[in-house]
Amino acid sequence: MLARAFDIEGVSMGLKEPVILNDMVGWKRRGGQPAKVAEVLDQSMNWLAKPFSDGEAIIVKPSNIVNCLIIAILAMRPDANAVLLYAPLKKYLGSIAKKDLWGRLWVRKLLVGQITDQMIAPFGMTNEDLLQLSDLQVAAVTWLAQHGLFNAVIAKYGRDRVRSLNSEDFLANRHASMEQMSGLFRLGMDQGKLDEVLAGPAFTKHSKLDTEFDASTRKKEHSDIASLHADEIEKVAEWARVMGEKMRIPMQLDAALI
């Protein structure tokens, strides 16, 4: 949704999960030499930063597997700012449950990548421990690992460059969120332009299916899923909360955008 929202003629262009960044992660995970990976990553970002129209800012929405490169990317581009968008844990668990088999397979694939990226090591869990987790427990572990990383990014770069955004806060406060992001990304949009963006297709159509989709439709969909998997989601969320306390990983991130 946000990548589409930032496709604003004369202002900015949103890039949706550029494959080249995924390729950098794959190369890194296969044992690529860090210096060489960094060199090619730098070259890749130079190309990604070139707008199709003069004067437009480039807003990149990477795939979440690129999270392991966030600190390196921000170090290489000291003039770049970032928004760390995340779903509350229960919403995330519900989203995974909604996707049935494919969602549950996806989080296990995500976990394998995080193990390779050394994001799971601080949890002190063996492979045997991980194999005994349910699908939604695996989802919770991946969420906590990403939350821990986001917390470290905020601590390293500060709120002047990095802000966090709870997806539910964003959906409930779209105007304020877009206004704050316009400032963070130095887009300089006035109220008229903001109103135009908010009335556009990014906020009225499903970002993947391109069908009509509004807040009430989304709320009903999530409510149905929450009811169907309520017991499992509640138990896993409490288990993750306790684990998060032990790991000192906050459920709500600092440096909130709104």
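Bear in mind that the values here come from a model prediction, so they are computed numbers and not experimental data.

Scoring rules and cut-offs
- Residues numbered from 1 in each chain as written.
- Predicted model: local features only at pLDDT ≥ 70, side-chain atom pairs only at ≥ 80, totals over all residues.
- Heavy atoms only, no water.
- Core = buried A, V, L, I, M, F, W, Y, C linked by side-chain atoms within 4.5 Å.
- Buried < 20%, exposed > 50% of the residue type's maximum accessible area, 1.4 Å probe, protein only.
- Helix = DSSP H or I, 4+ residues; strand = E, 2+ residues; numbered from the N terminus.
- Contact = heavy atoms within 4.5 Å.
- Phe/Tyr/Trp six-rings, centres within 6.5 Å; stacked < 30°, edge-to-face > 60°.
- Lys NZ or Arg CZ within 6 Å of the ring centre and 35° of its normal.
- Patch = residues over 30% accessible without salt bridge, like charges linked within 9 Å, V, L, I, M, F, W, Y side chains within 5 Å.
- Areas by Shrake-Rupley, 256 points an atom, 1.4 Å probe, with all protein chains shown as cover.
- Salt bridge = Lys/Arg side-chain N within 4 Å of Asp/Glu carboxyl O.
- Pairing = 2+ DSSP bridges.

J.: Give me the lowdown on the nonpolar core, citing residues and values where you can.
T.: L93, F123 and V153 are the most contacted members of the largest nonpolar core, which totals 40 residues. Listing elements by their share of this core, those giving two or more residues are α4 (70–76), β3 (82–86), α5 (89–98), α6 (100–116), α8 (135–157) and α13 (230–247). Element by element, the count of residues in this core is highest for α8, at 13 residues. The residues touching F123, leaving out its near neighbours within four places in the chain, are V141, L144, A145, M243, M247 and I249.

J.: Describe the packing of aromatic side chains, naming the residues involved and giving the relevant values.
T.: Taken as a whole, this structure holds two aromatic pairs when the rule is applied. When the ring of F6 is compared with that of F185, the centres are 5.8 Å apart and the planes differ by 80°; the resulting orientation is edge-to-face. Separated by 179 residues along the polypeptide, F6 in the loop between α1 (2–5) and β1 (12–16) and F185 in the loop between α10 (174–184) and α11 (191–198) bring together distant segments of the chain. We note that F6, like F185, is buried. For the cation-ring pair, K50 lies above W47, with the distance from its terminal atom to the ring centre recorded as 5.6 Å.

J.: Just give me the short version of a nonpolar patch on the surface, but keep the residues and values in it.
T.: Together, L101, W102 and L105 line one region of the surface with nonpolar side chains, adding up to about 370 Å² of accessible area. L105 sits in the partly exposed class, given a relative accessible area of 43%.

J.: Residues and numbers for the side chain of H229, please.
T.: Looking at where H229 falls in the secondary structure, it is placed in the loop between α12 (215–228) and α13. Residue H229 is classed as buried on the basis of its relative accessible area, which comes to 15%. Every residue in contact with H229, bar those within four places of it in the chain, is listed here: A97 and R104.

J.: Give me the lowdown on the pairing of β3, citing residues and values where you can.
T.: The buried count for β3 comes to four of five residues, which makes it a mostly enclosed element. For β3 and strand β4 (residues 162–166), the ladder comprises five bridges, and the chain directions are parallel. Residue pairing for β4: A82 is matched across the bridge by V162.

J.: Account for the side chain of Q137, with residues named and values stated.
T.: Here Q137 is to be found in helix α8. For Q137, a relative accessible area of 17% gives the class buried. Not counting the four nearest positions on each side in its chain, Q137 is found in contact with Q132, V236 and W239.

By themselves these figures say nothing about function.
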